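Survey of secondary and tertiary structure
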Amino acid sequence: MKYFYIIFVLLFFSTNLFSQTDWEKWGKAETDYTIKDNYRHRNYNFNSDNAGNFVVKFFANAYWFFVSDLDGDNCPFRPSCSAFFVEAVKETNIFQGTLMFFDRFTRDTNVFKEGKYPREKSGHYYDPSSLYTLSGKIYYIPVNEITAWE
Amino acid sequence: MIRIILWKEMISLNKYLLIFVLLIGNISFAQDYLKQQFDFAKKLFDEEDYYDAITEFKRLQFFDTSNVYISSSDELIAQSYKNGGKYSDAIHYFTLAELNATNNDDIFKLKIEIVRVNILRRTTDNALQLLDDLEKEKRWTDKIGEINYWKGWSYIFADEWDKAAEEFSKISPDYELKLLCEKTNEEKYSVTLAKIMSAFLPGSGQFYTGNYLSGFLSLGWCALWGYVSVNAFVEQRVFDGLAVANFLWFRFYRGNLENAEKFAVEKNLQISNESLKFLQDDYKGEKP
Amino acid sequence: MKKTIFLFILFSLTIKPQTPNPLYSPENVRKFADYLFSGKDYLRSVFEYEKLLQYGKNDTIEFKIPVAYQLMEQYDLALQEFSKINKESVYYNESEREYYKTLLLSDKYEELQNKLFGNEVKDYQRLLYLSYLFNPVKVPDEQNFLNIFPSSEKRNLQNFFDKKKDPPYKSSLLAGLFSALIPGSGKIYISEIGDGITAFIASSLFAFLSYDNFRANHNFRGWLFSGIGFFFYAGNIYGSVAAAQIYNAKVDYQYKEKLKQYLNDKNYFMERNDFIK
């Protein structure tokens, strides 16, 4: 009976499921035994295009180091609200970035988020600042997709 | 006259012999072509040109109508997929090879290959289930050592070093991998202990795992907001006291517990990964 | 006699095949390539077909190669190979159709429209009109559009046509205006009811705190809360405008996905070729 199931599964899946792996030529893969962690790793560097971004990054780093890294992982979003602010200022300017941040903070306080945002691998909601720049170029990700962030 | 008759008979007999011999020759030539094809595909496999090796094995299978090479070619296709990191395909072809295997030794070898791919794919539950099934079957009682060996590896990849040590100890009390697993397990931090320490004294769990700065900051924040909150209650500013206690003190206290757990888990991962790196790069025995 | 038999056996065993491995003969490579193609192992089949072209031109193989690329969604390679097929080929007409279909599949609508504009062939007209459903240069006349498709599909196509002509967008301007008048109402207009309510509560709360502190002559706190309240209010207006844009992007995305699914099921109203039935 066990062999019947094996044969059934193999016949059912064989032509469709396994041929798509080979639609690109591949070579030997490097094996990696190590285990990856799912924790967030902050980007503490000060790389900035201008003085304004540097100041924002400085305060963000200080906030992360003295407060955010100590009060737990409270933000359901990725990037977190503070990281969102840094990204928003980088992509636009300090004023527009601040407005984007306050809008994000309001959305964060809304407890009914399920079904509105796509999920990231760690289970957080994926909500990048690029969606809110009002540039008109929105790369929409459907809610049921799992994205890779970082 | 008799000589002529005999001579004619001899010629006709030789004729049939010639046809017979040439026929045998033809059949052996066909087998030669398939053998050539198998050798060519095997050469590509040995040269680590896995994609093309699979193509040539598939060509062999297509023309091998008698299925002489079916099991061996399926096995090598599976090995190619395994070496290319395509584990689902590897399991598929190992299963096919197992179905066409002709003797118990081959069947066992292929079942173990499926276990090994499951280990690499980190579907260790599947691997352990398959090994449990093998252990229960009476025909594999002489292979119990190998079954325990791969159980140990499954537990290693599942990051359960104590159970891995237990499995390896069944092979031998001073088995190399058993000692490694025990050492890894002993070096690990207790996540539960870290959390309990931080529950009683904020920051102490972080001190336990060597994150002194984080522990000190957690202690400082909890102490500060605790003082402010208590002070508010003492001065009968109940609302202020509740607000500070809930939004500040409790937030940092909960964060302190999360960090105690997170740092212990991260440190344990580091310890596990050191052992895994050793096994990957320096261990000379059989690996998944 | 024995000597003869012995010599025969020896002779047969020592003969080695002088001919190349017959598994690589053109006929056998062709059989193997067709087997790979039918098993959806398209890239391998392409490599085998390309070997065969070294022996000489073959219309079927020259057509199957780009079809394989198209099925693997490698549209640039498919277009390249389809365009190599010349007019003498038996599959020239089919390859031209597949070429335009590939332009549609690869979202190259403008190129398709430029090439097919004014074309009177029915299949090409269908592809041209279908491209208008994705990216209209100008939306064609409704009756002209529907008449070239089978009558059984007119209802479905009518739906898509209507949604393209008049998509259910939300106005960013209206959303911003609503939120300026009543904080959060712009978000409720976008159907983000939870966000709208929280925006309303946040703006109102800080407005109240500011008013209350000014009333109690706590000027510093009054200005602090009014500053924070201002940013929540302005952020709510900004967020409503942004939410409308995201809503419209979602409408476009869902429309496109549904249309692609529908057209895939109908094979873009083209006859399926024998190889992939």
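Cut-offs applied
Residues numbered from 1 in each chain as written. Chains lettered and ligands numbered in written order. Predicted model: local features only at pLDDT ≥ 70, side-chain atom pairs only at ≥ 80, totals over all residues. Helix = DSSP H or I, 4+ residues; strand = E, 2+ residues; numbered from the N terminus. Buried ≥ 20, exposed ≤ 12 C-beta atoms within 10 Å, placed from the backbone. Contact = placed C-beta atoms within 7 Å. Nonpolar A, V, L, I, M, F, W, Y, C, P; charged D, E, K, R; others polar. Domains from an automatic or database assignment. Core = buried A, V, L, I, M, F, W, Y, C linked by C-beta atoms within 7 Å. Axes fitted to C-alpha atoms, helices over the stretch in contact; angles between N-to-C directions. Parallel < 35°, antiparallel > 145°, perpendicular 65-115°, else oblique. Left-handed = near helix turned anticlockwise from the far one by under 90°. pLDDT = per-residue confidence, 0-100.

Side note on the overall build of chain A
Each helix and strand counted, chain A has four helices and four strands in total. Secondary structure elements in chain A, listed N-terminal to C-terminal, are α-α-β-α-α-β-β-β. Here chain A holds 150 residues, and 19% of them are scored as buried. For chain A, restricting intrachain contacts to residue pairs at least 6 apart in sequence, the fraction spanning at least 24 positions comes to 55%.

A few points about the overall build of chain B
Counting its secondary structure elements, chain B contains 13 helices and zero strands. Put simply, chain B runs from its N terminus to its C terminus through helices and strands in the order α-α-α-α-α-α-α-α-α-α-α-α-α. Residue burial in chain B is summarised as follows: out of 288 residues, 36% are buried. Counted over contacts in chain B with a minimum sequence separation of 6, partners at least 24 positions apart contribute 43%.

Focus on the interface of chain B and chain A
With 32 residues of chain B in contact, the opposing surface of chain A contributes 20 residues. Taken together, the elements giving at least two residues each to the side of chain B that touches chain A come down to α2 (50-63), α4 (87-100), α12 (212-234) and α13 (238-281) of chain B. A total of 15 residues in the side of chain B that touches chain A trace back to one element, the largest contributor, which is α13 of chain B. Class assignment for the residues of the side of chain B that touches chain A results in ten nonpolar, twelve polar and ten charged.

Concerning the interface of chain C and chain A
Counting residues at the interface gives 26 residues for chain C, matched by 24 residues for chain A. Elements that contribute at least two residues to the side of chain C that touches chain A include exactly α3 (42-53), α13 (193-215) and α14 (219-265) of chain C. Among the elements that make up the side of chain C that touches chain A, the one with the highest residue count is α14 of chain C (14 residues). Of the residues assigned to the side of chain C that touches chain A, the class counts are 14 nonpolar, seven polar and five charged.

What to know about unusual backbone geometry
With an omega dihedral of -5°, the bond running from Arg-78 of chain A to Pro-79 of chain A counts as a cis peptide bond. Considering the arrangement of structural elements, one finds Pro-79 of chain A in the loop between β1 (77-78) and α3 (81-91). Despite not being glycine, Asn-217 of chain C shows a phi value in the positive range, around 60°. Examined against the element boundaries, Asn-217 of chain C turns out to sit in the loop between α13 and α14.

Some points on the domain arrangement of chain B
Assigned domains within chain B: domain 1 (32-102), domain 2 (123-187) and domain 3 (191-279). For domain 2 of chain B and domain 3 of chain B, the distance between their C-alpha centroids amounts to 37 Å.

Describing the nonpolar core
One finds Tyr-93 and Phe-94 of chain B to be the most contacted residues of the largest nonpolar core, which totals 44 residues. If you tally residues by element for this core, the top one is helix α5 (residues 104-120) of chain B, at eight residues. Built from parts of two domains, this core gets at least three residues from each of domain 1 (32-102) and domain 2 (123-187) of chain B. In this view, Phe-94 of chain B contacts Glu-75, Ala-78, Leu-110, Glu-113, Ile-114 and Val-117 of chain B; residues no more than four positions away in its chain are not counted. Grouped together as the second largest cluster of nonpolar side chains are 32 residues, Ala-83 and Ile-138 of chain A together with Ile-188 and Ala-243 of chain C included.

Looking at the environment of Asp-123 of chain C
Residues and elements named next belong to chain C. Within the secondary structure layout, Asp-123 lies in helix α8 (residues 122-134). Sequence separation of Asp-123 and Met-270 is 147 residues, and the distance between their C-alpha atoms is 6.9 Å. Beyond its immediate sequence surroundings of up to four residues, Asp-123 is in contact with Arg-97 and Met-270.

Side note on the packing of helix α6 (residues 124-136) of chain B against helix α7 (residues 144-157) of chain B
Residues and elements named next belong to chain B. The geometry of α6 relative to α7 is characterised by a closest axis approach of 9 Å and an angle of 165° between their N-to-C directions. With respect to α7, the axis of α6 lies roughly antiparallel. Crossing geometry of α6 relative to α7 is assigned as left-handed. Residue-level contacts link Thr-124, Ala-127, Leu-128, Leu-131, Leu-134 and Glu-135 of α6 to Ile-144, Ile-147, Trp-150, Lys-151, Ser-154 and Phe-157 of α7.

A look at the confidence of the model for chain B
Residue and element names in this part refer to chain B. In the predicted model, chain B carries a mean pLDDT of 92, and the fraction of residues at 70 or more is 89%. Confidence, expressed as mean pLDDT per element, reaches its minimum in chain B at helix α1 (residues 2-46) with 72 and its maximum at α2 with 97. Interface scoring of the predicted complex returns ipTM 0.83; its pTM is 0.84.

Focus: the environment of Tyr-129 of chain C
All names here are of chain C. For Tyr-129, the location among the structural elements is in helix α8. For the pair formed by Tyr-129 and Asn-144, sequence separation is 15 residues and the distance between their alpha carbons is 9.4 Å. Once you skip the residues sitting within four places of it in the chain, Tyr-129 turns out to touch Pro-140, Phe-145 and Ile-148.

Let's talk about the packing of α3 of chain C against helix α4 (residues 59-71) of chain C
Residues and elements named next belong to chain C. Contact geometry of α3 with α4 gives a least axis separation of 9 Å together with a crossing angle of 160°. Comparing the axis directions of α3 and α4 gives the class roughly antiparallel. The crossing of α3 and α4 is left-handed. Counting all contacts with α3, which are made through Tyr-42, Ser-45, Val-46, Tyr-49, Glu-50, Leu-52 and Leu-53, the residues of α4 involved are Ile-61, Lys-64, Ile-65, Ala-68, Tyr-69 and Leu-71. Residue composition of the contact of α3 with α4, grouped by class: ten nonpolar, one polar and two charged.

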